[in-house]
Amino acid sequence: MHISSPRIVSQRSRYKCVIRDSSDFNGVAWTIEYDVRDSLKRGGGPFGSNNWQTIDLPFSKFVATKYADTLTGESLDKSQIWAIQLVLSKYAYDGKLNRNFRPGEMELLVQSVSTY
């Protein structure tokens, strides 16, 4: 099972996708980092067909985290997905910084999010 997420246009290059299999917002967050190319500066405007990117995120690659610290011994319950978040974060995992983070304005256009 995968999240084909997102079909996006962005000017930032590293995001996180976070899914939660519990209604506990402070519980385990299943996280994967992914890079996108800078597609807002290309010709044709943000909605040009060459600007949209589809990112495939296999559930098997998501990492159990709590407040960006990795956890072990957790199992993702794919039958209980409560939330999907697209995140731009200063932090990667375990206190390390996102090497591509820049403070300031950002724009992320999402055309679709789906699972298969």
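Procedures and definitions
- Residues numbered from 1 in each chain as written.
- Predicted model: local features only at pLDDT ≥ 70, side-chain atom pairs only at ≥ 80, totals over all residues.
- Heavy atoms only, no water.
- Helix = DSSP H or I, 4+ residues; strand = E, 2+ residues; numbered from the N terminus.
- Buried < 20%, exposed > 50% of the residue type's maximum accessible area, 1.4 Å probe, protein only.
- Contact = heavy atoms within 4.5 Å.
- Areas by Shrake-Rupley, 256 points an atom, 1.4 Å probe, with all protein chains shown as cover.
- Core = buried A, V, L, I, M, F, W, Y, C linked by side-chain atoms within 4.5 Å.
- Salt bridge = Lys/Arg side-chain N within 4 Å of Asp/Glu carboxyl O.
- Polar contact = N/O pair within 3.5 Å; in protein donor to acceptor, adjacent residues only side chain to side chain.
- Phe/Tyr/Trp six-rings, centres within 6.5 Å; stacked < 30°, edge-to-face > 60°.
- Lys NZ or Arg CZ within 6 Å of the ring centre and 35° of its normal.

A word on the overall build of the chain
At step 1: Within the chain, the secondary structure is distributed over zero helices and eight strands.
At step 2: When the elements of the chain are put in sequence order from the N terminus, they spell out β-β-β-β-β-β-β-β.
At step 3: Here the chain, with 116 residues, has 36% of them falling under the buried criterion.
At step 4: Sequence separation of at least 24 residues holds for 73% of the intrachain contacts in the chain that already meet a minimum separation of 6.
At step 5: When the accessible area of the chain is evaluated, it comes to approximately 6800 Å², of which 50% is carbon and sulfur surface.

Description of the nonpolar core
At step 1: Counting residues in hydrophobic clusters, the biggest one holds 13 residues, and the most contacted among them are Cys 17, Ile 19, Trp 30, Tyr 34, Leu 57 and Phe 62.
At step 2: Among the secondary structure elements, those contributing two or more residues to this core are β2 (14-20), β3 (29-35) and β4 (53-58).
At step 3: Setting aside chain neighbours within four positions, we find Trp 30 in contact with Cys 17, Val 18, Ile 19, Asp 21, Phe 62, Val 63, Ala 64, Glu 74, Ser 75 and Leu 76.

So, the pattern of salt bridges
At step 1: In this structure the tally under the stated criterion is three salt bridges.
At step 2: For Arg 14, the salt bridge goes to Glu 33, with nearest N and O atoms at 3.4 Å. Of this pair, Arg 14 sits in strand β2 while Glu 33 sits in strand β3, placing them 19 residues apart in sequence.
At step 3: On the basis of relative accessible area, Arg 14 is assigned to the buried category, the value being 15%.
At step 4: In this structure, Arg 99 engages Asp 35 in a salt bridge whose closest nitrogen and oxygen atoms are separated by 3.9 Å. With Arg 99 in the loop between β7 (83-87) and β8 (108-115) and Asp 35 in strand β3, the pair connects residues that are 64 residues apart, well separated along the chain.
At step 5: Here Arg 99 falls in the exposed class, since its relative accessible area comes to 60%.
At step 6: The partly exposed category is assigned to Asp 35, whose relative accessible area is 39%.

Some details on the side chain of Asn 98
At step 1: Here Asn 98 shows up in the loop between β7 and β8.
At step 2: Of the residues examined, Asn 98 reaches a relative accessible area of 7% and is grouped as buried.
At step 3: In terms of polar contacts, Asn 98 uses its side chain to reach the backbone carbonyl oxygen of Ser 89, at 3.0 Å.
At step 4: Residues in contact with Asn 98, not counting those within four places in the same chain, are Arg 14, Ser 89, Lys 90, Tyr 91 and Ala 92.

Observations concerning the packing of aromatic side chains
At step 1: According to the stated counting rule, one finds two aromatic pairs in the structure shown.
At step 2: Taking 5.9 Å as the distance between ring centres and 45° as the angle between the ring planes, the aromatic pair formed by Phe 59 and Phe 62 counts as tilted.
At step 3: For the cation-ring pair, Lys 16 lies above Tyr 93, with the distance from its terminal atom to the ring centre recorded as 5.7 Å.
At step 4: A cation over an aromatic ring shows up here: Arg 20 above the ring of Phe 25, its NZ or CZ 4.4 Å from the ring centre.

Topic: the environment of Tyr 116
At step 1: Position of Tyr 116 among the secondary structure elements: in the segment after β8.
At step 2: Sequence separation between Tyr 116 and Pro 58 is 58 residues, and the spatial gap between their C-alpha atoms is 9.6 Å.

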